[in-house]
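Examination of the molecular architecture
Take a look at the letters that make up each chain.
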Amino acid sequence: MANKVTLKQIAREVGLSPASVSLVLNNRPCRISEENRRRIKEVAAREHYIPNQIARSLVTQRSKTLGLIVPNIESRFFSSLAKNLEQRCRAEGYALFITNSDGLPENDLDLLSLLVTRGVDGLFLVVGDEVPDDRALIDELSGLPVPYVMVDRVVDELSCDKVMFDHELGGYMATRYLLQMGHRRIACMVNAAKTITGRKRLVGYLRALREAGHEPVCVEACPMRAIEFGEMDDLRAAHPDAVSELPCTEPAATTTPNILIGASRGALLEDFNPVVL
């Protein structure tokens, strides 16, 4: 591995000060002749000079890095979010640190501290618990020394930028679509017991059915892991009545990508026409 060339080494070779070399390589205004500018850039190119971002951040007080905290990087939704966000950050000259909280509020706290101490300029946060009642996390976010954006899952009492989806409208539109396709007995599989997003989708689902004069077939509120990962034996044991109601004359279901795949693995939706929320 070759030694990393420094500004001082370039300055020594061209006979100028490190400050002058830094101004030229950073395209800052300076009174340096075109000949010296050319020599500095030639030496930097020949020696494969790479700017020291850490040293630069000490001067600019900006690291050009951002942090992202997601509950489950294996989730199709969150992995897609991370990929697209990283691409947009890179296009703007920022590096994105992607971290995983495993859906635990205590990990959210640790990762917030880790990323801030690493000097990130800002944070994107998807909280691990969709119904956060952890005062420590709320207090930590209230006093965070860097700007942050809450994504998808938000805490209403926090004053910050928030990017949310209209989950109620999504549940309503998916159910309306199935109704328009001629289905009448429509199941909704969401984790309404523990997630705000699930509750909102459920509200939209129920609104669409009531507008059409139909009753819900089944409202699923079982452990999310059981649905997402196809642990259907556990699901049936915990909710035998709900699961037994699912097969019906005109089967249809509204659900999410992870739930859809998990339920399919457990043969729960083999006779259904699912619509993904």
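Everything in this summary refers to the structure shown in the same document. Everything numeric in this text was worked out from a predicted model, so none of it was measured.

In terms of nonpolar packing, the biggest core is built from 18 residues, with Leu112, Leu123, Leu141, Leu144, Tyr148, Met150 and Leu158 touching the most fellow members. Among the elements of the structure, helix H6 (105–117), strand E3 (122–125), helix H7 (135–142) and strand E4 (148–151) are those that each provide at least two residues to this core. With sequence-adjacent residues up to four places away left out, Leu158 is seen in contact with Ile138, Leu141, Ser142, Tyr148 and Met150. Counting residues in each nonpolar core, the second largest holds 13 residues, with Phe78, Tyr94, Val149 and Val151 among its members.

A separate point is helix H5 (residues 76–91). Over its 16 residues, H5 runs 23 Å from end to end, which matches the ideal 22 Å to within 8%, given 1.5 Å per residue. Listed as buried for H5 are Phe78, Ala82, Leu85 and Cys89. All buried residues of H5 project into a common sector of 75° when viewed along the axis, lining one side. Structural note: H5 exposes Lys83, Arg88, Arg90 and Ala91 on the side pointing more than 90 degrees away from its buried face.

We now examine helix H1 (residues 7–14). The set of residues buried in H1 consists of Ile10, Ala11 and Val14. Projected down its long axis, H1 carries its buried residues within an arc of 100°, all on one side. In this structure, H1 carries Lys8 and Arg12 as exposed residues pointing more than 90 degrees from its buried face. Lining the buried residues of H1 we find helix H2 (18–25) and helix H3 (34–46). Of the residues flanking the end of H1, it is Gly15, one or two places downstream, whose phi is positive at about 75°.

Note that Arg184 resides in the loop between helix H8 (167–180) and strand E6 (186–189). At 3.0 Å, the side chain of Arg184 and the backbone oxygen of Leu179 are in polar contact. In terms of polar contacts, Arg184 uses its side chain to reach the side chain of His214, at 3.4 Å.

Another point: the packing of H6 against H7. The interhelical angle for the contact between H6 and H7, taken along N-to-C directions, is 25°, at an axis separation of 9 Å. The angle between the axes of H6 and H7 places the two elements in the roughly parallel class. Where H6 crosses over H7, the two elements pack in a sense that is left-handed. For the pair H6 and H7, contact is made by Asp108, Leu109 and Leu112 and by Ala136, Leu137, Glu140 and Leu141, respectively. Residues belonging to the contact of H6 with H7 are distributed by class as follows: five nonpolar, no polar and two charged.

Now for unusual backbone geometry. Positive phi is not limited to glycine here, since His48 has a value of about 55°. Residue position: His48 is located in the loop between H3 and helix H4 (53–60).

How each quantity is defined
Residues numbered from 1 in each chain as written. Predicted model: local features only at pLDDT ≥ 70, side-chain atom pairs only at ≥ 80, totals over all residues. Heavy atoms only, no water. Core = buried A, V, L, I, M, F, W, Y, C linked by side-chain atoms within 4.5 Å. Buried < 20%, exposed > 50% of the residue type's maximum accessible area, 1.4 Å probe, protein only. Helix = DSSP H or I, 4+ residues; strand = E, 2+ residues; numbered from the N terminus. Contact = heavy atoms within 4.5 Å. Expected span 1.5 Å × (residues − 1). Arc of directions from axis to C-beta. Polar contact = N/O pair within 3.5 Å; in protein donor to acceptor, adjacent residues only side chain to side chain. Axes fitted to C-alpha atoms, helices over the stretch in contact; angles between N-to-C directions. Parallel < 35°, antiparallel > 145°, perpendicular 65-115°, else oblique. Left-handed = near helix turned anticlockwise from the far one by under 90°. Nonpolar A, V, L, I, M, F, W, Y, C, P; charged D, E, K, R; others polar.

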